[in-house]
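Given next are the chains, with one letter for each unit.
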Amino acid sequence: MICEDVKNEVIVDRVTKKFSKGKVDDGFEALSNISFTIEKNEFVTIVGRSGCGKSTMLNIIAGLLSPTEGKVLINGKPVTEPGSDRGMVFQNSGLFPWLTVEGNIEFGPKNKGMAKIERQKLSKELIGLVNLEGCEKKYPRELSGGMQQRVAIARALAMDPQILLMDEPFGALDQLTRESMQSELLRIWESCKKTVIFVTHSIMEAIYLSDRIIVFSSNPGRVRKEFKINIHRPRQKSSVNVMKYYEEIYEAIN
Amino acid sequence: MRRLIKNKKINLSENIIKIGTVVVIIIVLELLSRVGLLSPYKMPSPTQILIAIREVISVGFPKGVTILLHLKATVLRIIQGYLLAAVIGIPAGLLIGRSYILDRISTPVITFARSVATISLLPLFIAWFGITEISRILLISYGCLWVILTNTIQGVKQIDINYINAGKVLGANKRQMFFKVLLPAALPRIFIGLRVAVGVAFMVIVAVEMIGTVVGLGALIQQSRFYYSIDITVAGMILIGIFGLFLSVILERIERFILPWAFSLEEVER
């Protein structure tokens, strides 16, 4: 197969994003000349201060925003709109409050026209994967923040995307829930082998999760440095290796 | 579970207070009338009102036009006018709320039209449509339309961008986006408009029925004025109040049925 020599699944090629204010084009530059690549099944995290354009970058990869200059290629094809090859998890879950857990998970497959029996089978499987058995008929408001994010992950996986985009998915959770969600995410990632592009401003979260970390600088957003995290999983957050990375990344950000 | 019982107790004592207040008011009014402090021509006693209500139910007022006929006429007018306003207001609101240009164009028009008191349009409507059912129904529609329209527009404009983005990422096409994301997301706000519109419909109906008809709850009140039957006036007021309350309860039931998710938290905490 030809595809097999395409090692880089995602190619971000000199992307610049300016936001225009009204008609005047003296817009604020959120991203400036960003280039990086991501391999298949890699877990990559973009880290940076708030306002460094990391969420904007993710939205461009998702196809929700279009770059002012440059392009994003997925398996060699330029991104113009959202597609089922990319799933997304939003910061505040973005779950539809009017649908039950099941309804949310089946939303995507239903849009695609998947038959009801298949859909139910799929949602049952995913609810099992994210450990939410018994919550099928509940509404998002009846769930805790951590449970909501599990549903959001299951909903994104229901489209069977090859790439999972996660925009500060655990940002609104308390510390303990956040940590258990991190290991949960690694378990899910290892069991279904997806490419993950994760955005966070927590350096520790990035080190704990990622194969590779891309550090963004702010105003405008630029790639400052990349780090390959060569520590075996599961990683100990208090270990010497982790602390060493932490200091290096902390320095890169500041 | 304990919380449930505790809350039931609270509900019970709350109900006792609610009903108690009404009972006290009735007793005080009755006593004031009996002692002669309240003139029967200015404020009828509760017993008189009760007799008047019985009269409206059995004999009818004017004779032959019983409560059922009054109710039927008013209900029909309200339902037709209200539904017409909803049928126009909700789709138009969804459309305007989604379009920046339409919103900018329509805002001054809507603000102007909303500021015109519905009743002041009565002469105009009579000139256009005569003293007919059409005039009455359209006037109710006019009153309800703006409330429903503005709330629907706001409902659409306030939709969390995350829902729209999630819809896009999950492959919703335009139709799916409209019916499965935008509409349900705007529904709670749409229902607020629908609820306020019930009140508006009642304000308009009474005034509208005061002209050119003897049938309808508003007409009942107007006729009683001609006969100096103030007891019938108050009886009519009470009947309208009860009917309005009844409609609000029905609307809330419908809302709970259509939007169970908007109530789920309350239900859980209860």
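In this text, all values refer to a predicted model and were calculated from it rather than measured experimentally.

A.B. asks: Which residues make up the overall build of chain A, and what values go with them?
C.D. replies: Each helix and strand counted, chain A has seven helices and ten strands in total. Relative to the globule expectation of 18 Å for 254 residues, the C-alpha radius of gyration of chain A, 18 Å, shows essentially globular dimensions. Counting only C-alpha atoms and orienting by the principal axes, one finds that chain A spans roughly 50 × 50 × 45 Å. By the burial criterion, 53% of the 254 residues in chain A qualify as buried. A sequence separation of at least 24 residues applies to 70% of the contacts in chain A between residues at least 6 apart. Considering chain A, the positive charge centre built from 36 side chains and the negative charge centre built from 32 side chains are found 2 Å apart.

A.B. asks: Let's hear about the interface of chain A and chain B: which residues, and what values?
C.D. replies: Facing 22 residues of chain A, the contacting portion of chain B comprises 21 residues. A buried area of about 2,100 Å², summed over both sides, lies between chain A and chain B, and 69% of it is on carbon and sulfur atoms. The interface formed by chain A and chain B holds zero salt bridges in total. The interface formed by chain A and chain B contains three residue pairs in polar contact (both at pLDDT 80 or more). Only strand 6 (86-89) and helix 2 (101-112) of chain A provide two or more residues apiece to the side of chain A that touches chain B. Looking at which element gives the most residues to the side of chain A that touches chain B, the answer is helix 2 of chain A, with four residues. Grouping the amino acids of the side of chain A that touches chain B by side-chain chemistry returns eleven nonpolar, six polar and five charged.

A.B. asks: Tell me about the packing of aromatic side chains, and name the residues and values.
C.D. replies: For any pair of aromatic rings, the description rests on two quantities: the centre-to-centre distance and the angle between the ring planes. As enumerated under the stated definition, the model contains 17 aromatic pairs over all chains in all. Taking 6.2 Å as the distance between ring centres and 85° as the angle between the ring planes, the aromatic pair formed by Trp128 of chain B and Phe129 of chain B counts as edge-to-face. Measuring from centroid to centroid gives 5.2 Å for Phe202 of chain B and Phe243 of chain B, while their planes differ by 65°, and the two rings are edge-to-face. Of the two residues, Phe202 of chain B is situated in helix 8 (residues 174-208) and Phe243 of chain B in helix 10 (residues 230-258); the sequence distance between them amounts to 41 residues. Pairwise contacts between aromatic rings join Phe96, Trp98 and Phe107 of chain A together with Tyr163 and Trp261 of chain B into one cluster. Above the face of the Phe96 of chain A ring, Arg155 of chain A is positioned so that its terminal group lies 4.9 Å from the ring centre.

A.B. asks: Just give me the short version of helix 10 of chain B, but keep the residues and values in it.
C.D. replies: For helix 10 of chain B, built from 29 residues, the straight-helix expectation of 42 Å at 1.5 Å per residue is met to within 8% by its first-to-last C-alpha distance of 42 Å. Residues of helix 10 of chain B that are buried: Ile232, Thr233, Val234, Ala235, Gly236, Leu239, Ile240, Phe243, Gly244, Leu251 and Glu255 of chain B.

A.B. asks: Could you give an account of the domain arrangement of chain A, naming the residues involved and the relevant values?
C.D. replies: All names here are of chain A. As assigned here, chain A comprises domain 1 (2-85 + 161-253) and domain 2 (95-160). Counting from both sides, the interface comprises 17 residues of domain 1 and, opposite them, twelve residues of domain 2. Between domain 1 and domain 2, the buried area comes to about 1,200 Å², and carbon and sulfur atoms account for 69% of it. Ranking the residues of domain 1 by area buried against domain 2 places Pro161, Met181 and Ile188 at the top, with a combined share of 35%. Counting across the interface, domain 1 meets domain 2 through two salt bridges. With its nearest N and O atoms 2.8 Å apart, the salt bridge here joins Lys194 to Asp160. On inspection of domain 1 and its partner domain 2, the count reaches five residue pairs in polar contact (both at pLDDT 80 or more). Counting residues per element, the ones that place at least two in the side of domain 1 that touches domain 2 are strand 7 (163-167) and helix 5 (175-192). For the side of domain 1 that touches domain 2, the leading source of residues is helix 5, giving eight residues.

A.B. asks: Can you lay out helix 2 of chain A for me, pointing to particular residues and giving the numbers?
C.D. replies: For helix 2 of chain A, the tally of buried residues reaches nine of twelve residues, placing the bulk of the element in the interior. For helix 2 of chain A, the set of buried residues is Val101, Glu102, Asn104, Ile105, Glu106, Phe107, Gly108, Pro109 and Asn111 of chain A. On its buried face, helix 2 of chain A is in contact with helix 3 (116-129) and helix 4 (145-157) of chain A together with helix 7 (161-169) and helix 8 of chain B. Positioned one or two residues after helix 2 of chain A, Gly113 of chain A has a phi angle of 90°, which is positive.

A.B. asks: Outline the sheet that holds strand 10 (residues 222-228) of chain A, supporting the account with residue identities and numerical values.
C.D. replies: Residues and elements named next belong to chain A. Spatial strand order, 6-7-8-3-9-10: six strands in an open sheet with mixed pairing. Only two strands of the sheet have a single partner each, and these edge strands are strand 6 and strand 10. Here the strands of the sheet are splayed against their neighbours by 20° on average, with no regard to which way each runs. Inspection of the sheet shows strand 3 (residues 43-47) paired to strand 8 (residues 195-200) by five bridges, in the parallel sense. Looking across to strand 8, one finds that Val44 is bridged to Ile197.

Thresholds applied
Residues numbered from 1 in each chain as written. Chains lettered and ligands numbered in written order. Predicted model: local features only at pLDDT ≥ 70, side-chain atom pairs only at ≥ 80, totals over all residues. Heavy atoms only, no water. Helix = DSSP H or I, 4+ residues; strand = E, 2+ residues; numbered from the N terminus. Rg over C-alpha atoms; globule rule 2.2 N^0.38 Å. Buried < 20%, exposed > 50% of the residue type's maximum accessible area, 1.4 Å probe, protein only. Contact = heavy atoms within 4.5 Å. Lys, Arg positive; Asp, Glu negative; His and termini not counted. Charge placed at Lys NZ, Arg CZ, Asp CG, Glu CD. Buried area = accessible area lost by both parts, 1.4 Å probe. Salt bridge = Lys/Arg side-chain N within 4 Å of Asp/Glu carboxyl O. Polar contact = N/O pair within 3.5 Å; in protein donor to acceptor, adjacent residues only side chain to side chain. Nonpolar A, V, L, I, M, F, W, Y, C, P; charged D, E, K, R; others polar. Phe/Tyr/Trp six-rings, centres within 6.5 Å; stacked < 30°, edge-to-face > 60°. Lys NZ or Arg CZ within 6 Å of the ring centre and 35° of its normal. Expected span 1.5 Å × (residues − 1). Domains from an automatic or database assignment. Pairing = 2+ DSSP bridges. Axes fitted to C-alpha atoms, helices over the stretch in contact; angles between N-to-C directions.

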